[in-house]
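An overview of the molecular structure
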Amino acid sequence: MVIEGLDGAGKRTLADALTGALNDAGASVTSIAFPRYGESVHADLVKEALHRGHGDLADSVYGMAMLYALDRRGAADEIRARLGDHDVVLLDRYVASNAAYGAARLHQGADGEFVRWLKELEIDRFGLPVPVAHLLLRVTADVAADRAQRRAETDAARARDSFETDDALQKRCSVVYDELAATGWLAPWHVLDGVAGVDTPALATSLLRT
Ligand SMILES: Cc1cn([C@H]2C[C@H](O)[C@@H](COP(=O)(O)OP(=O)(O)O)O2)c(=O)[nH]c1=O
């Protein structure tokens, strides 16, 4: 099960609350956040590139997407193992993040060449597990930007990167996420209102029923 949304949407908070609610409902839950900073060299390279390291690497949409994809490829066996001994594997960002951000950077839609290429790479070629559901934590790009900025002011480890400071990119990304959700890309999408707040016990119950 995958949580998706813009930078600053509140995915981590939702992941924590949903884990508690699923546990309360009797389900065992394990979670992984992508990119796996500090665990995978590909993820660390991503972070460095997003903070202007490695020359013009971050300018390449396909190059960056490849690094994110290789981080996940390295986690595929771990995901499969955890699926074997937990009821729910909760992923904070997954293949759809790559789809939304890459397509948005290229000014493409969810039906464009980039998303097609990405599915072939990550799902068909790398054999990554296909999610059973996406939870899209939806907030406007303005709300997300405010939250990401406030987070950066209070937590030095979360200084905004080159994607987060690009308001136009976040807005286009929001549109691609809506398209991915509307077309049910890879799996059904549940759209959650990240401004009003999410009733996590009710969400946990309904997810466990499906
Ligand atoms: C996982 C993933 C993230 N991204 C983007 C979304 C974010 O803007 C950025 C960093 O991911 P994020 O999870 O937001 O990390 P941080 O803790 O640094 O905020 O990478 C992709 O473009 N593709 C991916 O596959």
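Here, the structure is the one placed above.
About the criteria used
Residues numbered from 1 in each chain as written. Predicted model: local features only at pLDDT ≥ 70, side-chain atom pairs only at ≥ 80, totals over all residues. Heavy atoms only, no water. Near = heavy atom within 4 Å. Polar contact = N/O pair within 3.5 Å; in protein donor to acceptor, adjacent residues only side chain to side chain. 1 Å grid on protein atoms, 1.4 Å probe; cavity = no way out; pocket = protein on both sides within 12 Å on 5 of 7 lines; lining within 4 Å. Sits in = over half its atoms within 2 Å of the grid points. Helix = DSSP H or I, 4+ residues; strand = E, 2+ residues; numbered from the N terminus. Nonpolar A, V, L, I, M, F, W, Y, C, P; charged D, E, K, R; others polar. Core = buried A, V, L, I, M, F, W, Y, C linked by side-chain atoms within 4.5 Å. Buried < 20%, exposed > 50% of the residue type's maximum accessible area, 1.4 Å probe, protein only. Contact = heavy atoms within 4.5 Å. Salt bridge = Lys/Arg side-chain N within 4 Å of Asp/Glu carboxyl O. Points joined across faces, edges and corners; volume = space filled by probe spheres on them.

Some remarks on the site of the ligand
Close contacts around the ligand come from 16 residues, with Asp 7, Tyr 68, Arg 72, Arg 93 and Asn 98 the closest. Contact between the ligand and Asp 7: an oxygen atom at 2.9 Å from a side-chain N or O atom of the residue. Given that more than half its atoms are within 2 Å of the pocket grid, the ligand belongs to the largest pocket. Looking at the shell around the ligand, the elements that each hand over two or more residues are α3 (61–85) and α4 (95–105). Ranked by residue count, the leading element in the shell around the ligand is α4, at 3 residues. Of the residues that constitute the shell around the ligand, the class distribution is 8 nonpolar, 2 polar and 6 charged.

Observations concerning the nonpolar core
With 69 residues, the main nonpolar core has Tyr 177, Leu 180 and Trp 185 as its most contacted residues. Here this core takes 9 residues from α3, the largest share from any one element. Look past the residues within four positions of Tyr 177 in its chain and what remains in contact with it is Glu 4, Gly 5, Leu 6, Arg 93, Ala 96, Ser 97, Ala 100, Tyr 101, Leu 136 and Trp 189.

Observations regarding the pattern of salt bridges
Counted under the stated rule, the structure contains 10 salt bridges. Close ionic contact of Glu 78 with Arg 82 constitutes a salt bridge, the shortest N to O distance being 2.7 Å. Remark: Arg 82 and Glu 78 occur in helix α3; sequence separation between them is 4 residues, near one turn of the helix. With a closest N to O distance of 3.3 Å, Arg 151 and Glu 164 form a salt bridge. Pair noted here: Arg 151 is in helix α6 (residues 141–154) and Glu 164 is in the loop between α6 and α7 (167–183), with a separation of 13 residues, a long-range link.

Re the environment of Arg 160
Examined against the element boundaries, Arg 160 turns out to sit in the loop between α6 and α7. In the structure, Arg 160 is positioned 95 residues away from Ala 65 in sequence and 19 Å away in space, judged by C-alpha atoms. Apart from residues lying up to four places away in sequence, Arg 160 is in contact with His 51, Ala 145, Ala 148, Gln 149, Ala 152 and Thr 165. A distance of 3.5 Å separates a polar side-chain atom of Arg 160 from the backbone oxygen of Glu 164.

Observations regarding the layout of surface pockets
Here the largest pocket defines a volume of roughly 1,000 Å³. Around the largest pocket, the lining comprises 42 residues; the ones closest to its centre are Phe 34, Pro 35, Tyr 37, Arg 93 and Arg 158. Top contributing element to the lining of the largest pocket by residue count: α3, with 7 residues. Residue composition of the lining of the largest pocket, by class: 18 nonpolar, 7 polar and 17 charged.

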